[in-house]
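Reading the structure
The chain contents come next:
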Amino acid sequence: MSEKSILEMVLHDPVLSAFELPLCERFYPFGFPLDLETNSAHVMEAAHEGWGEFIQQFDAPPVRLQLAVAPSSNTALPQQPVVRSREHLMFFVADHENFMVCDFQKHFGFGGATELAAADHGLIRYRFLTAGGLTLIEQQSAASLHCGLVIRNGSGVALLGDSFAGKSTLSYACARAGWTFVSDDGVLLVRDRSDRYAAGDPYAFRLREDASRLLPELRDRMPIARPNGKLGIEIFTRDLAIQTAPGCSIDHLVFLNRNEPGPARLRHYPKDEAFGWCERYVTFGMKEDREAQIRCYERLMTAGVWELRYTDLDDAVARLEQLVDSGG
């Protein structure tokens, strides 16, 4: 046997670089093109569940995401991945069988998962597809903003705050009152525009399990365990009589403070504090991309910036309506 044949036997694809991924499809999460390649029907089904309703909004080059699924003797689902990043690289690693690596310079990510993980559509979507795909999109074209986003009479109002601030609940209350819904917990600000346009996820509300206490019509909906370990209520907007939009320009930033007694009231919020709140999300990626994201937040500060103090949801919606209708 020749030396070449011996080497081929010993080294036949030792790092699985030739693992075939015959299933290929383009999706448009948040309106940006993403090409997904996999060998798993479960992965494709999970991608359709999360991204299938999105329409194309932007002509950016597609990011590429590959996810190889293989059988395993491990009978446990993977734990929450550890995330690390340096310059143009980021990895998400739960274990040696469940991982994702992203290269921001190449706009490319690849990973592996077990069949058991892929069969859990919520887990594979949240920890692999969303984590890898949206990170690649953000590093190429956007800056993330942790907010709800709703529209009244063409005016976009971003609802900001840390976890438990009430962004999703107030977004739902606004939509129920006739506003147009764009997103309840996160948007992508588009970097290559001169305005404050943000793309959202208008296809679902993801509310905390105690939302039914404030929204009586949700009392019959059972909370489910989400892949991040938190209990919540997921509602698809196609099942609701509300208006939706894939994105809008932001005219007002409203920081939420829902623990204040008395009638709902607005006050001007310091723009330097608002900018600092946004800037803290710029923590990884190439220097030029971080600088582009900072410029995006600087443009955002040309909007009106407010704090809304409230207790009652309907009172808060009415006060926001006064803000928009008065022109700020």
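Structure first, text after, so check above.
Residues numbered from 1 in each chain as written. Predicted model: local features only at pLDDT ≥ 70, side-chain atom pairs only at ≥ 80, totals over all residues. Heavy atoms only, no water.

Let us now look at the nonpolar core. The biggest cluster of nonpolar side chains holds 40 residues, and the ones touching the most others in it are Phe32, Leu36, Val43, Leu67, Ile124 and Leu129. For this core, the element with the highest residue contribution is helix α4 (residues 121-141), accounting for eight residues. Not counting chain neighbours up to four residues away, the residues in contact with Leu36 comprise Leu23, Cys24, Glu25, Phe27, Val43, Met44, Ala47, Leu65 and Leu129. Counting residues in each nonpolar core, the second largest holds 28 residues, with Ala158, Trp277, Tyr297 and Val305 among its members. (Core = buried A, V, L, I, M, F, W, Y, C linked by side-chain atoms within 4.5 Å. Buried < 20%, exposed > 50% of the residue type's maximum accessible area, 1.4 Å probe, protein only. Helix = DSSP H or I, 4+ residues; strand = E, 2+ residues; numbered from the N terminus. Contact = heavy atoms within 4.5 Å.)

Here Ser144 is to be found in strand β8 (residues 142-145). At 3.2 Å, the side chain of Ser144 forms a polar contact with the side chain of Glu138. Non-local contacts of Ser144, meaning those with residues more than four positions away in its chain, are made with Glu138, Val187, Leu188, Tyr281 and Tyr297. (Polar contact = N/O pair within 3.5 Å; in protein donor to acceptor, adjacent residues only side chain to side chain.)

Note that Ala76 resides in the loop between β3 (63-70) and β4 (82-86). With relative accessibility at 43%, the residue Ala76 sits in the partly exposed group. Remark: the alpha-carbon pair of Ala76 and Leu116, spanning 40 residues in sequence, is separated by 7.9 Å.

Even without a glycine there, the phi angle at Phe30 is positive, about 55°. By secondary structure assignment, the location of Phe30 is in the loop between β1 (23-27) and β2 (34-38). One non-glycine residue, Asn153, lies in the positive phi region at around 50°. The exposure class of Asn153 is exposed, given its relative accessible area of 67%.

So, on to the pairing of strand β9 (residues 147-152). Most of β9 is tucked away: five of the six residues are buried. The sheet contact formed by β9 and strand β10 (residues 155-160) spans six bridges and is antiparallel. Its bridge partner being in β10, Leu149 is matched across the sheet by Ala158. For β9 and strand β11 (residues 180-183), the ladder comprises three bridges, and the chain directions are antiparallel. Opposite Val150, over in β11, you have Phe181 as the bridge partner. (Pairing = 2+ DSSP bridges.)

Following the criterion strictly, the structure yields 13 aromatic pairs and no others. Residues Phe108 and Phe110 carry aromatic rings whose centres are separated by 6.4 Å and whose planes lie at 20° to one another, so their mutual orientation is stacked. Here Phe110 falls in the partly exposed class, since its relative accessible area comes to 38%. Joined through ring pairs, the aromatic side chains of Phe255, Tyr269, Trp277 and Tyr281 make up one cluster. (Phe/Tyr/Trp six-rings, centres within 6.5 Å; stacked < 30°, edge-to-face > 60°.)

Next up on the list: the sheet that holds strand β7 (residues 108-114). Taken together, the seven strands give an open sheet; going across it, the order is β1-β2-β3-β7-β6-β5-β4, and neighbouring strands pair in mixed fashion. Each having just a single partner strand, β1 and β4 make up the two edges of the open sheet. In this sheet, adjacent strand axes meet at a mean angle of 15° when their direction is disregarded. Bridge count for β4 against strand β5 (residues 89-95) is five bridges, and the pairing is antiparallel. Along β5, the bridge assignment pairs Val82 with Val93. Against the sheet, helix α2 (residues 41-51) contacts β1, β2 and β3, and its axis sits at roughly 10° relative to β1. The strands touched by α4 are β2, β3, β5, β6 (98-103) and β7; relative to β3, the strand with the most contacts, the crossing angle is about 160°. (Axes fitted to C-alpha atoms, helices over the stretch in contact; angles between N-to-C directions.)

Another aspect to go through is the pattern of salt bridges. Where charged atoms from two side chains of opposite charge approach closely, those side chains can pair. Using the criterion set out here, one finds 16 salt bridges in the structure. The residue Glu49 makes a salt bridge to Arg125 at a minimum N-O spacing of 3.1 Å. Of this pair, Glu49 sits in helix α2 while Arg125 is found in helix α4, placing the two residues 76 residues apart along the sequence. One salt bridge in this structure joins Arg206 and Asp201, with 3.3 Å as the shortest N-O distance. Each of Arg152, Glu321 and Asp325 takes part in a single network of salt bridges with overlapping partners. (Salt bridge = Lys/Arg side-chain N within 4 Å of Asp/Glu carboxyl O.)

With 14 residues, helix α8 (residues 287-300) should cover 20 Å at 1.5 Å per step; its first-to-last C-alpha distance of 20 Å lies within 8% of that length. All of the buried residues along α8 are Asp289, Ala292, Gln293, Ile294, Cys296, Tyr297 and Leu300. For α8, the secondary structure elements touched by its buried residues are α4, β8, β12 (187-190), β18 (247-257) and α7 (271-279). (Expected span 1.5 Å × (residues − 1).)

On to the state of the cysteines, then. Enumeration according to the criterion identifies zero disulfides in this entry. Cysteine Cys278 remains unbridged, with the sulfur of Cys147 as its closest cysteine sulfur at 8.6 Å. The cysteine Cys296 is free of any disulfide, with Cys278 supplying the nearest cysteine sulfur at 9.8 Å. (Disulfide = S-S within 2.5 Å.)

With that out of the way, let us pick up the environment of Val101. In this fold, Val101 is placed in strand β6. Val101 gets classed as partly exposed once you look at its relative accessible area, which sits at 28%. Sequence separation between Val101 and Val83 is 18 residues, and the spatial gap between their C-alpha atoms is 9.7 Å. When residues no more than four places from it in sequence are discounted, the contact partners of Val101 are Met90, Phe91, Phe108, Gly109 and Phe110.

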